[in-house]
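# What the coordinates show
Given next are the chains, with one letter for each unit.
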Amino acid sequence: MTDAARSYDDELATRKRRYGMLMAFRIPCLIVGALLYNTPWLAAAVICLSIPLPWMAVLIANDRLPRSRSTFQRAPEGPGQRQIDA
């Protein structure tokens, strides 16, 4: 509603939630990998996919949230428009 930036506490809560979701996704990956021990190549693939998750979670959580775009945007100059110098 306003152009004010989100408060630091709101932004931090959002980043913590993203980190928690990514780290919580790693546990099911490890469990599925353990359950697939009959097919070692598939178990290894699932476990290998879960290895970079902590690194990715830290990178995503430390990244700032994208700023909202303003609703006012300048129209592109067309061939029939001329630029007025002030």
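Data block above holds the structure.
This text gives an overview of the structure that appears in the document. Keep in mind it's a predicted model, so treat the numbers as computed, not measured.

### Quick word on the overall build of the chain
When helices and strands are counted, the chain shows 3 helices and 0 strands. Going residue by residue from the N terminus, the α and β elements of the chain occur as α-α-α. Going through the 86 residues of the chain one by one, you find that 15% of them count as buried. Counting only contacts in the chain whose residues sit at least 6 apart along the sequence, the fraction spanning at least 24 positions is 63%. On the chain, roughly 7800 Å² of surface is accessible, and the fraction owed to carbon and sulfur atoms is 63%.

### Concerning the environment of Ala 57
Along the chain, Ala 57 turns up in helix 3 (residues 53–62). For the pair Ala 57 and Gly 20, spaced 37 residues apart in sequence, the C-alpha to C-alpha distance is 8.2 Å. Not counting residues within four places of it along the chain, the set of residues in contact with Ala 57 comprises Tyr 19, Leu 22 and Met 23.

### What about helix 1 (residues 8–35)?
Between its terminal C-alpha atoms helix 1 stretches 42 Å, which fits the 40 Å expected from 28 residues at 1.5 Å a residue. If you check which residues of helix 1 are buried, you get Glu 11, Thr 14, Arg 15, Leu 22, Cys 29 and Gly 33. Along its buried surface, helix 1 packs onto helix 2 (40–50) and helix 3.

### A closer look at a nonpolar patch on the surface
The grouping of Trp 55, Met 56, Leu 59 and Ile 60 at the surface amounts to a nonpolar patch, some 410 Å² of accessible area in total. When its relative accessible area of 33% is taken as the criterion, Met 56 is described as partly exposed.

What counts and how
- Within any chain, residue numbers begin from 1 and follow the written order of that chain's sequence.
- Local features in this predicted model are restricted to residues whose pLDDT is 70 or higher, and side-chain atom pairs enter the listing and the counts only when it is 80 or higher, whereas totals over whole chains, interfaces and linings include all residues.
- Here the side-chain values reflect all heavy atoms present in the structure, with hydrogen atoms and water set aside.
- Secondary structure is summarised from DSSP: a helix means a run of H or I of at least four residues, a strand means a run of E of at least two, and numbering begins at the N terminus for each.
- Here's how the labels work: a residue is buried when its accessible area is under 20% of the maximum for its type, exposed when over 50%, partly exposed in between, all with a 1.4 Å probe on protein chains only.
- Should any heavy atoms of two residues lie within 4.5 Å, those residues are considered in contact.
- Here, Shrake-Rupley sampling with a 1.4 Å probe gives the accessible areas, and only protein chains in the shown set may cover a residue.
- To estimate how far a helix should reach, multiply one less than its number of residues by 1.5 Å.
- Each patch is built from residues that are more than 30% exposed by relative accessible area and take part in no salt bridge. Like charges join if they lie within 9 Å; nonpolar side chains (Val, Leu, Ile, Met, Phe, Trp, Tyr) join within 5 Å.
- Salt bridge, as used here, is a side-chain nitrogen of Lys or Arg placed within 4 Å of a carboxyl oxygen of Asp or Glu.

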